[in-house]
Amino acid sequence: MKKTLALVVLTGLLLTGCGGKQEAAPTESASAVAAVTDTVAVPGVTGLTLDKATDQLKDLGLEVESVDTVDGKMIISKKNWQVTSQDRAEGAQAAKGSTVHLGVKSLDKVAAEKAAADKAAAEKAAAEQAAADKAAADKAAADKAAADAAAAKLAAEQAAAQQAVPQPPVQQAVPQAPVAPAASYANCTAARAAGAAPVYAGTPGYGKHLDRDGDGIGCDK
């Protein structure tokens, strides 16, 4: 853009010189060229420390004024302050010698704000993780409860199905009559004492040793 303006001015000078009129025009054109060349593009200095931002701006022929936008403190050591705002946008044209106003914040304040932001972010992450863990635990508990309920329901259905099937009758044990032990008498005295004498052949307790005469009747005498 500077080159274009310079060419326009030079063209005007040549045309004016050829016509031999308006002798004052060269002086006005020269002033216009000087005005064009005395403007600079303002750099973006937000985020820099104040000392570095000041150096950049002054190297371009610009003046700097800074103010603490947080606490209004007096700025003593520029390296301890950070630029947070500037009144001229980056790339804007400004005349040399004009003033760029900067808003600054102390590095201690910047560090404190960053620590607070980091702490808040960590607490938020921890809270989100705790919520996620609780949701997972709740889901696991709900799944277990559902599985237990399904198992109990299945067991109840199986028990009901078993009760619905007719069971064979239980065979009752028939009491057996006690088998009397076979009578055995050592002699007729024992048979008489047992009230079994006389003892007939074919009846319990009969023995040939009790029927000495062989008539089929023991202990008859």
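All values reported here derive from a predicted model rather than from experimental measurement.

**Q** Explain the sheet that holds strand β2 (residues 63-68) to me, please; I cannot follow it from the model alone.
**A** Read across the sheet, three strands follow the order β2-β5-β3 without closing on themselves; strand pairing throughout is mixed. Strands at the two margins of the open sheet, each flanked by one partner only, are β2 and β3 (81-86). This sheet shows a mean twist of 40° between the axes of neighbouring strands, independent of strand direction. Where β3 lies against strand β5 (residues 99-106), five bridges are found, and the strand directions are antiparallel. The partner of Ser85 across the bridge, within β5, is Gly103.

**Q** Explain the pattern of salt bridges here, please?
**A** Oppositely charged side chains can pair when the atoms bearing their charge come close. All told, the structure shown has six salt bridges when counted by the stated rule. Note that Asp71 is salt-bridged to Lys109, the shortest N-O span being 3.6 Å. Residue Asp71 is located in the loop between β2 and β3, and its partner Lys109 is located in helix α4 (residues 107-164); the two are separated by 38 residues in the primary sequence. For Asp71, a relative accessible area of 42% translates into the label partly exposed. Linking Lys114 and Asp118 is a salt bridge whose minimum nitrogen-to-oxygen distance equals 2.9 Å. Placement of both Lys114 and Asp118 in helix α4 is noted, with a separation of four residues, approximately one turn of the helix. Look at Lys114 and you get exposed, because its relative accessible area is 54%.

Conventions used here
Every chain is numbered independently, its residues counted from 1 as its sequence is written. Totals for whole chains, interfaces and linings use every residue, but because this is a predicted model, local features are given only for residues with pLDDT of at least 70 and side-chain atom pairs only at 80 or more, for both listing and counting. Neither water nor hydrogens contribute to the side-chain values; these are computed over all heavy atoms in the structure. By definition, two strands form a pair when at least two bridges between them are found by DSSP. Under the scheme used here, helices are H or I runs from DSSP no shorter than 4 residues and strands are E runs no shorter than 2 residues, and both carry numbers assigned from the N terminus. Here an angle of 0 to 180 degrees is reported between the N-to-C directions of two axes, which are lines fitted to C-alpha atoms, with helices fitted over the stretch in contact. Think of a salt bridge as a Lys or Arg side-chain nitrogen and an Asp or Glu carboxyl oxygen that are within 4 Å of each other. Categorising residues by exposure relies on relative accessible area from a 1.4 Å probe, with only protein chains included: less than 20% of the type maximum marks a residue as buried, more than 50% marks it as exposed, and the intermediate range marks it as partly exposed.

The values are spatial; any link to function lies outside them.
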